[in-house]
Amino acid sequence: MKLTQGTFSFLPDLRDEQIRAQIEYCLKNDWAVSVEYTDDPHPRNTYWEMFGQPLFDLKDAAGVFAEVQNCRKTFPNHYIKVNAFDASYGWETVRLSFIVNRPASEPGFALEREEGKGRNVRYRLRSYAGVKPSGERY
Amino acid sequence: MAVSKSAGTITDAKKRYAAGVLKYAQMGYWDADYEPKDTDLIALFRITPQDGVDAIEAAAAVAGESSTATWTVVWTDRLTACEKYRAKAYKVEPVPGSPDQYFAYIAYDLDLFEQGSIANLTASIIGNVFGFKPLKALRLEDMRFPVAYVKTFDGPPTGIVVERERLDKFGRPLLGATTKPKLGLSGKNYGRVVYEALRGGLDFTKDDENINSQPFMHWRDRFLYVMEAVNRAQAVTGEVKGHYLNVTAATMEDMYERAELAKELGSVIIMIDLVIGYTAIQSISKWARRNDMILHLHRAGHGTYTRQKTHGISFRVISKWMRLAGVDHIHAGTVVGKLEGDPNTVQGFYNVLRETHNEVDLQRGIFFEQDWGSLRKVMPVASGGIHAGQMHQLLHYLGEDVVLQFGGGTIGHPQGIAAGATANRVALEAMVLARNEGRDIWQEGPDILDRAARSCAPLAAALDTWRDITFNYTSTDTPDFVPTLTPA
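What counts and how
- Residues numbered from 1 in each chain as written.
- Chains lettered and ligands numbered in written order.
- Predicted model: local features only at pLDDT ≥ 70, side-chain atom pairs only at ≥ 80, totals over all residues.
- Helix = DSSP H or I, 4+ residues; strand = E, 2+ residues; numbered from the N terminus.
- Rg over C-alpha atoms; globule rule 2.2 N^0.38 Å.
- Buried ≥ 20, exposed ≤ 12 C-beta atoms within 10 Å, placed from the backbone.
- Contact = placed C-beta atoms within 7 Å.
- Pairing = 2+ DSSP bridges.
- Right-handed = clockwise from strand over helix to strand, strands pointing away.
- Expected span 1.5 Å × (residues − 1).
- Arc of directions from axis to C-beta.
- Nonpolar A, V, L, I, M, F, W, Y, C, P; charged D, E, K, R; others polar.
- Core = buried A, V, L, I, M, F, W, Y, C linked by C-beta atoms within 7 Å.
- pLDDT = per-residue confidence, 0-100.

1. Side note on the overall build of chain B
Thinking step 1. Secondary structure assignment for chain B yields 19 helices and 15 strands.
Thinking step 2. Over its C-alpha trace chain B gives a radius of gyration of 25 Å, about what one expects of a compact globule, namely 23 Å for 488 residues.
Thinking step 3. For chain B, the residues scored as buried account for 53% of the 488 residues in total.
Thinking step 4. Sequence separation of at least 24 residues holds for 75% of the intrachain contacts in chain B that already meet a minimum separation of 6.

2. A word on the pairing of strand β9 (residues 294–298) of chain B
All names here are of chain B.
Thinking step 1. Among the 5 residues in β9, 5 count as buried, and that is most of the element.
Thinking step 2. Taking every second residue as pointing to the same face, both faces of β9 are buried, with Ile294, His296 and His298 on one and Leu295 and Leu297 on the other.
Thinking step 3. Of the pairings in the sheet, the one linking strand β8 (residues 269–273) to β9 comprises 5 bridges and is parallel in character. Of the residues in β9, the one forming a bridge with Met271 is His296.
Thinking step 4. For the handedness criterion, the β-α-β arrangement of β8, helix α11 (residues 278–290) and β9 is classed as right-handed.
Thinking step 5. Taken together, the 2 bridges between β9 and strand β11 (residues 329–331) define a ladder with parallel strand orientation. Among the inter-strand pairings, Leu297 is bridged to a residue of β11, identified as Ile330.

3. Notes on helix α1 (residues 16–28) of chain A
All names here are of chain A.
Thinking step 1. With 13 residues, α1 extends 18 Å between its outermost C-alpha atoms, agreeing within 8% with the 18 Å of an ideal straight helix rising 1.5 Å per residue.
Thinking step 2. Residues of α1 that are buried: Ile19, Gln22, Ile23 and Cys26. Here the buried residues of α1 occupy an arc of 100 degrees about the axis, which is enough to place them on one side. In this structure, α1 carries Glu17 and Lys28 as exposed residues pointing more than 90 degrees from its buried face.

4. Notes on the interface of chain B and chain A
Thinking step 1. Contact residues are listed per partner, giving 33 residues for chain B and 29 residues for chain A.
Thinking step 2. Tallied by class, residues from the side of chain B that touches chain A come to 11 nonpolar, 11 polar and 11 charged.

5. Overview of the nonpolar core
Residue and element names in this part refer to chain B.
Thinking step 1. If you look at the biggest cluster of nonpolar residues, it comprises 165 residues, and the most contacted ones within it are Ala59, Val62, Ala89, Ala104, Ile106, Ile270 and Ala427.
Thinking step 2. Take this core: its biggest share by element is 13 residues, from helix α17 (residues 417–436).
Thinking step 3. Here Ala104 is in contact with Phe45, Ile47, Ala59, Val62, Ala89 and Val92, once residues within four sequence places are set aside.

6. Topic: the confidence of the model for chain B
Thinking step 1. Mean pLDDT over chain B works out to 94, with 97% of the residues at or above the 70 mark.
Thinking step 2. Predicted complex, confidence summary: ipTM 0.97, pTM 0.95.

7. Some remarks on the sheet that holds strand β4 (residues 93–101) of chain A
All names here are of chain A.
Thinking step 1. Taken in spatial order, the 4 strands of this open sheet run β2-β1-β3-β4, and their pairing is antiparallel. Bordering the open sheet on either side are β2 (49–50) and β4, each of which pairs with just one other strand.
Thinking step 2. By the bridge criterion, 7 bridges tie strand β3 (residues 79–86) to β4 in an arrangement that is antiparallel. Considered in β4, the bridge of Asn83 is made with Ser97.

The following block contains the structure:
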């Protein structure tokens, strides 16, 4: 399967110049860019690991992209995403978030069902890779 | 007919309260010198007086009948602080280009309204006046609410920001589709449509407005099969998915029962129809707030009173009422689709729903500044006759905080429902990517779509099928003000 979280997951994997152009767009909007990675891509895993602090003071796309490259080098077989945070009033949230690295093989998720009363089924999503300890999953 | 400013209030109390009939303007419902207070509610009506009826007297009559007046003088007014409670028409202007119509501005004191009640607000403002004989027609065009009044409402239970955080979806419009055919599918077949559309790339699927609990599919059956489909789609994509489970029913008790099952099954969103009424909407909104549920509103029935320009209520007013009442999603027009929608007018609705503060914007039909007092933002929904080939236009007109719903444009795809969903998702992501790169999507849109279709056969097929389908009809609900060129 292909994990389709993030803004651009239905497109072919973004090339480096495309990633730089999106970072450029975020900086132009005065958003703080950050890099996060995980080997637990469950859709309810809200808190991916932060690859350092959000780059609040970095206004140069090349510098931000260097962080992306750095993270890719450190975690070549993890999911990595670029987030852009907008601190302006009324938003104060992420405005763009897209995956820039994914494991070579993505085994995906099992759906487990537990039948209850009144035909009510309780569902549980389990990551196939997640059964192994963190760091040995992909 | 000219607008005269002369109609005068009778100030001598003895004459004013003598039994008999006076003109509304004489009774104090017209005051050309009145300066609306920051705490007043203001309503703007479009009035079309009967032939021979003075526009000011007509405006005063609307002010009177929507506040304290009746047709004749009553002495019991003198037991009250009646001057405070009288609504005051304070400005009457001819409508540009429509000689028989006038804009009447009416101010209402804050004390005329119960806090946090749309039913009370509307019983006053639209309760009595729309059938008034001296008027040929009457339309409520816009309202301004003082922030003190706004703060008596809870507003949207979730709002755009929290909805996106909860769904983990940022930076692009959300995608949806209404299950078709609207009526007749069994629960099992219905769930199939949901599963295919969600696994193909949509974020949401949707019950239609008239899917409740009919002989061909009872509501429990629908909920159970739909949630199987939603969970399966989450497993094969790793994304959060949702289906608007319509809990509309005959009674509030039935609606709560359905909402409770939706919650128990883990649905992220439920849905209601506008026809359930304002009080029912506020009740289910409070339920949604208590239960962390996104609340989708389908504006079923609104066209009966919003579409014609001379009579009824503008949808911008309905949008304001629904933001106060507290819904998270509301259908607000597509501009390019099959349903009514002038571009500027629709953008006016979107701005009312999405901004923290509205400035006066006559070109988009917004007559008043409005401070939303930190009420959350409503996500507008664009639905009805739209397809992947229009993606650049949709993004251009509607921006990215919107749910784009392609029903026929997903389910009618020649290669199947999942392919239809994929075509829409790829078209959308390609267009957002290009826009962010600084490309001129209005001009280059078709080219951007064609390039994206080279690596996506479903998009190529969608473009082949629908590219030239447009709905170019003249809109009826258009702004009265056009931009004027100012010398540079």
